Amino acid sequence: MFFDGWGDLGRVILTGICAYAALVLLLRISGKRTLSKMNIFDLVVTVAFGSILATTLLSADTSLAEGIAAMAVLIGGQYAITFLSVRFPRFQALIKATPALLYHAGQPIRAAMVRERVTMDEILAAARKAGIGELTGSHAVVLETDGSLTVIDHRGESRTGTLRTIKFPEQPS
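Presented here is an overview of the structure given in this document. (Residues numbered from 1 in each chain as written. Predicted model: local features only at pLDDT ≥ 70, side-chain atom pairs only at ≥ 80, totals over all residues. Heavy atoms only, no water.)

A few words now on the overall build of the chain. Scanning the chain from N- to C-terminus turns up six helices and four strands. Of the regular secondary structure in the chain, the N- to C-terminal order runs α-α-α-α-β-β-α-α-β-β. Its C-alpha atoms give the chain principal-axis dimensions of roughly 75 × 40 × 25 Å. Out of the 173 residues in the chain, the part that is buried amounts to 29%. Surface summary for the chain: the accessible area is close to 11,500 Å², and the carbon and sulfur share equals 64%. If the 17 positive side-chain charges of the chain are averaged to one point and the 14 negative ones to another, these points end up 9 Å apart. (Helix = DSSP H or I, 4+ residues; strand = E, 2+ residues; numbered from the N terminus. Buried < 20%, exposed > 50% of the residue type's maximum accessible area, 1.4 Å probe, protein only. Areas by Shrake-Rupley, 256 points an atom, 1.4 Å probe, with all protein chains shown as cover. Lys, Arg positive; Asp, Glu negative; His and termini not counted. Charge placed at Lys NZ, Arg CZ, Asp CG, Glu CD.)

What follows is the structure, given as structure tokens:
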């Protein structure tokens, strides 16, 4: 239970060193984007790497070659998705979420908050994290495609700036 023998321990150490080296090499070959958190697929790949590495290290039923192959498949899939989404806007629209405007011009956008399942407390926490003491001093709060909240103060008010890709809510007549 506490120690099953030197053979198993040696296998874990040797496999760990080799799997770690293979992962670093694969990540260096695939580029910075592989471990970014730009969208949900990036997050899934990052979590899956951890799972594959753990399984390769701890399961005697999974060979080192199988673990490395699984990591290579994930990196290949990630590369294919990003390759296609950069080159084909329609594919990008299918794959990637769009940012959501949750707060604008001093007012929360309740329908967007409900649709995105974000509370006012979470928006206030994002404002505090951005160093903003009063939310009314903010121009906008955006739920980004990676799930993070971005707070834009009044210096960034222009509709042609960073908010240009976000659909603004209909203004009441």
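Moving on, we come to the sheet that holds strand β3 (residues 138-143). Taken in spatial order, the four strands make up an open sheet running β2-β1-β3-β4, and their pairing is antiparallel. The two strands at the open ends of the sheet, each matched to only one other strand, are β2 (107-108) and β4 (149-153). Against the sheet, helix α6 (residues 120-129) makes contact with β1 (100-104), β2, β3 and β4, and its axis sits at roughly 60 degrees relative to β4, the strand it touches most. (Pairing = 2+ DSSP bridges. Contact = heavy atoms within 4.5 Å. Axes fitted to C-alpha atoms, helices over the stretch in contact; angles between N-to-C directions.)

Moving on: the packing of aromatic side chains. A complete count under the given rule lists one aromatic pair for this structure. Stacked on the ring of F83, the Lys or Arg R87 has its end atom at 3.7 Å from the ring centre. (Phe/Tyr/Trp six-rings, centres within 6.5 Å; stacked < 30°, edge-to-face > 60°. Lys NZ or Arg CZ within 6 Å of the ring centre and 35° of its normal.)

Over its 25 residues, helix α1 (residues 6-30) extends 36 Å from the first C-alpha to the last, a length consistent with the 36 Å expected when each residue adds 1.5 Å. For α1, the full list of buried residues reads T15, G16, A19, A22, L23, L26, L27 and S30. Packing partners of the buried residues in α1 comprise α2 (40-58) and α3 (64-87). Where α1 terminates, the next one or two residues include G31, which has phi positive at roughly 100 degrees. (Expected span 1.5 Å × (residues − 1).)

Before going further, it helps to spend a moment on α3. Here α3 spans 35 Å end to end across 24 residues, near enough to the 34 Å set by a 1.5 Å rise per residue. What α3 keeps buried is the set G67, M71, I75, Q78, T82 and S85. In this structure, the buried side of α3 is in contact with α1, α2 and α4 (89-95).

With that out of the way, let us pick up the packing of α1 against α3. The geometry of α1 relative to α3 is characterised by a closest axis approach of 10 Å and an angle of 20 degrees between their N-to-C directions. Put simply, α1 runs roughly parallel to α3. Judged by the twist between their axes, the crossing of α1 over α3 is right-handed. Seen from α1, the contacting residues are T15, C18, A19, A22, L23, L26, L27 and S30; seen from α3, they are L64, I68, M71, A72 and I75. Partitioning the contact of α1 with α3 into residue classes produces eleven nonpolar, two polar and no charged. (Parallel < 35°, antiparallel > 145°, perpendicular 65-115°, else oblique. Left-handed = near helix turned anticlockwise from the far one by under 90°. Nonpolar A, V, L, I, M, F, W, Y, C, P; charged D, E, K, R; others polar.)

β1 sits mainly inside the fold: five of its five residues count as buried. Taken together, the two bridges between β1 and β2 define a ladder with antiparallel strand orientation. Bridging from a neighbouring strand, Y103 pairs with P108 of β2.

What follows covers a nonpolar patch on the surface. A cluster of nonpolar side chains, contributed by F2, F3, W6, L9, I13 and I17, occupies part of the molecular surface with about 770 Å² of accessible area. Within the fold, F2 resides in the segment before α1. Under the relative-accessibility criterion, F2 is labelled exposed at 81%. (Patch = residues over 30% accessible without salt bridge, like charges linked within 9 Å, V, L, I, M, F, W, Y side chains within 5 Å. Salt bridge = Lys/Arg side-chain N within 4 Å of Asp/Glu carboxyl O.)

Look at A105: it is not a glycine, yet its phi comes out positive at around 50 degrees. In the Ramachandran plot, R117 falls in the positive-phi region, its phi being about 60 degrees despite a non-glycine side chain. Residue placement: R117 occurs in the loop between α5 (110-116) and α6. On the basis of relative accessible area, R117 is assigned to the exposed category, the value being 72%.

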